[in-house]
Every structure is written in C-alpha cells, then in structure tokens.
Amino acid sequence: MSSIDSLPPLREVIATHELAAKKSLGQNFLLDLNLTSRIARIPGDLSNASVLEVGPGPGGLTRGLLAEGAGKVLAIEKDSRCLPALAEIAEIWPGRLEVIRADALKLDPLAHLEPPIHVVANLPYNVGTELLVRWLTPESWPPYWSSLTLMFQQEVAERIVAQPGDKAYGRLAVLAQWRCEARIALRLPPEAFTPPPKVHSAVVHLKPRPEPIYPADPEVLSRVVAMAFNQRRKMLRSALKGLGGDVEALLEAAGIAPTERAERVSLERFAALAREVTARGKA
Ligand code: SAM
C-alpha cells in the first residue's frame, strides 16, 4: 500500500474532524485526489524544491503535492480546525510537511523556507487577489518564488492572462505579464469543489521572467497603469490628466495616440509611457 492510500478518504476526514465549510474563510474544498495530483504536477518537478501552500484546508492538494514528490511543503492555514487532519498527513511523510496556523497575509515564508520555492494554492477567494499582487510586486526582481500555481475564480484568471482589446484586460494583466509568463493551466466547474461555489474556477500558472519584458520603473508603471484603467472608457489624454503637464506630448513620445483608450494599449506601450514619465521627472 503506498503511503497516500493509507490515509482516509477526504470525505471521511471532513466528517471525522467536523470540517463543515466556512464561507467566511472561502472554504471550497477539492476532494478528488486525481485532480489535486494534476494541479500538483503543473509546476513541474518539485523533488528538489520547496512548496508554499496557502490554505491547505483538509489537505487534498497537500497530499497531491507530497505524493508528486515535493521536497518540502510549508502549509499555512488560518482555520485551526484543519490542523489535526494535516497532522495525519505530516505523519505519513515525516519531515516533509510543516503546517503553520497563521494568516498568510501576515506570515513571511522566507523565515521558514529556502529557495527554490514554488507557490501552489487553491486560494481562498477573499484573499487571492491581494496575495497575488503582493507576490507580483516584491522589493526586488526576480522574486523569491520560482513559480505560482494558483486557483482563482475564472473571471479573475481571465483578467490575469488577458490581452489588449479583451474585455478582461486591465491592471492585473499588465502587472502579471510585465514580469511573468502567465497562462491558464486548468479550468474547473463548480462541481469540482465541496461545497460548489457559484462560479467557475481556473488554475493560473505564472513563471517569473528573469527581467521585465520591457524596461520601466515598477512604481511609475504601476501608477500610470492604475490611472489609465481607473477611467478605462476615457481617452488617455483625459484619463491621465493627473500626471500633470503636457499629457498629449508624453503619450505621443511613448508612441500612443492621445485619443486611445487604456484597454487597447499594449504592455510595450505602457512601459514606454512609464519611461517617458520617469524621464520627464528627471528633466
Ligand atoms: N486547499 C484546500 C483544498 O483545495 O481543498 C482548501 C482550499 S479553500 C478554497 C481555502 C483555504 O484557505 C481554507 O482552508 C481556508 O481556511 C484557508 N484560508 C482562508 N483565509 C486564509 C488566510 N488568510 N491565510 C491562510 N489560510 C486561509
């Protein structure tokens, strides 16, 4: 019997440990171990790497990660009710699973893990976007993580991989794709979860580029893009008025028509615009 088979089925674990899903913690559990193994394989070989898992819950994805050979898994779970179930998993794979009861928004994983670190998580929807933005905006680049494999509501996943002209194209697409390769690796219907959420879900895989695809100062780019998409239906010459000075000249210098709207501007042009803003600041 392989070690994963000696653990009880997840439905039994949930019943034994009374893990009725709490909406306030974004709990929609994955109970199909074939599916969790599929997700665990998305980042590639994990045998010489560490995995940061946020929100392991009853441990379906955690089991998948360990069964697929992850060297070490650090699982951060806010709900103390899940700890006994996770302790059972840790016993099967001695020394390979560390569970910390904490709010992932408040914990520094580098105090517990050494790179290379892959982040794999079926994220609580209420904190997913905030965690993603933090992972995408570290103080220095490349970041400490080697890849992100994250479950989101499908609508958020579409926003991460959207291209100029797509309805979903916005800040999140620019932020993610400027320094990462991003793709949707798997789509899941509500019935894949217990209890089923109201919406479809998707797993996004992000790999950091060694350098941003186009040079720009991260803070300036972020400010310009936020301003541009804040009024996404307006022409950029008015959406970007807050930059002050001759906005039309800035846009033209960046190769963007002043009458263009943010939703049609490529990453390359946004980066050029950020460089123009930086250069003007220095002039
Ligand atoms: N990974 C499990 C699975 O796939 O079945 C559970 C996924 S469930 C969508 C999200 C999990 O994140 C829950 O177990 C929840 O308690 C936990 N969680 C919610 N907010 C959290 C936070 N701020 N920090 C750490 N864990 C959190």
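Residues numbered from 1 in each chain as written. Predicted model: local features only at pLDDT ≥ 70, side-chain atom pairs only at ≥ 80, totals over all residues. Heavy atoms only, no water.

Another point: the domain arrangement of the protein chain. Each assigned domain of the protein chain is listed here: domain 1 (10-208) and domain 2 (218-282). Summarising the inter-unit geometry, the C-alpha centres of domain 1 and domain 2 are found 34 Å apart. Tallying the contact residues gives 11 residues for domain 1 and 13 residues for domain 2. Summed over both sides, the interface of domain 1 with domain 2 buries roughly 980 Å², with 70% coming from carbon and sulfur. The interface formed by domain 1 and domain 2 contains 0 salt bridges. Linking domain 1 with domain 2 are 4 residue pairs in polar contact (both at pLDDT 80 or more). Residues of the side of domain 1 that touches domain 2, tallied by class, amount to 4 nonpolar, 3 polar and 4 charged. (Domains from an automatic or database assignment. Contact = heavy atoms within 4.5 Å. Buried area = accessible area lost by both parts, 1.4 Å probe. Salt bridge = Lys/Arg side-chain N within 4 Å of Asp/Glu carboxyl O. Polar contact = N/O pair within 3.5 Å; in protein donor to acceptor, adjacent residues only side chain to side chain. Nonpolar A, V, L, I, M, F, W, Y, C, P; charged D, E, K, R; others polar.)

Before going further, it helps to spend a moment on the packing of aromatic side chains. Here the structure, examined in full by the defined rule, presents 3 aromatic pairs. Here Y169 and F229 contribute two aromatic rings whose centre-to-centre distance is 5.7 Å and whose plane-to-plane angle is 80 degrees, an arrangement assigned as edge-to-face. One end of the pair, Y169, is in the loop between α6 (154-161) and α7 (171-179); the other, F229, is in helix α8 (residues 218-230), and 60 residues separate them in sequence. You can call F229 buried: its relative accessible area is 9%. (Phe/Tyr/Trp six-rings, centres within 6.5 Å; stacked < 30°, edge-to-face > 60°. Helix = DSSP H or I, 4+ residues; strand = E, 2+ residues; numbered from the N terminus. Buried < 20%, exposed > 50% of the residue type's maximum accessible area, 1.4 Å probe, protein only.)

Listed in full, the buried residues belonging to α6 are V156, A157, I160 and V161. Along the axis of α6, the buried positions cluster into a sector of 130 degrees, meaning they face one direction only. Those residues of α6 that are buried are in contact with α5 (125-136), β6 (145-153), α7, β7 (180-188) and β9 (201-208). (Arc of directions from axis to C-beta.)

In terms of residue burial, β9 counts as a mostly covered element, since 6 of its 8 residues are buried. The sheet contact formed by β6 and β9 spans 6 bridges and is antiparallel. Paired with F152 across the two strands is A202, which belongs to β9. Sheet topology places β7 next to β9; 8 bridges connect them, and they run antiparallel. Within β9, the residue paired with L186 across the bridge is V203. (Pairing = 2+ DSSP bridges.)

Formed by 34 residues in total, the largest nonpolar core has its most connected members in L52, L132, W135, L150, F152, I160 and L206. When residues in this core are grouped by element, the largest group, 5 residues, is from α5. (Core = buried A, V, L, I, M, F, W, Y, C linked by side-chain atoms within 4.5 Å.)

Here we have 7 strands laid out as an open sheet, ordered β4-β3-β2-β5-β6-β9-β7, and mixed in their pairing. Bordering the open sheet on either side are β4 (97-101) and β7, each of which pairs with just one other strand. Strand-to-strand twist across the sheet, computed as the mean angle between neighbouring axes with direction ignored, equals 20 degrees. (Axes fitted to C-alpha atoms, helices over the stretch in contact; angles between N-to-C directions.)

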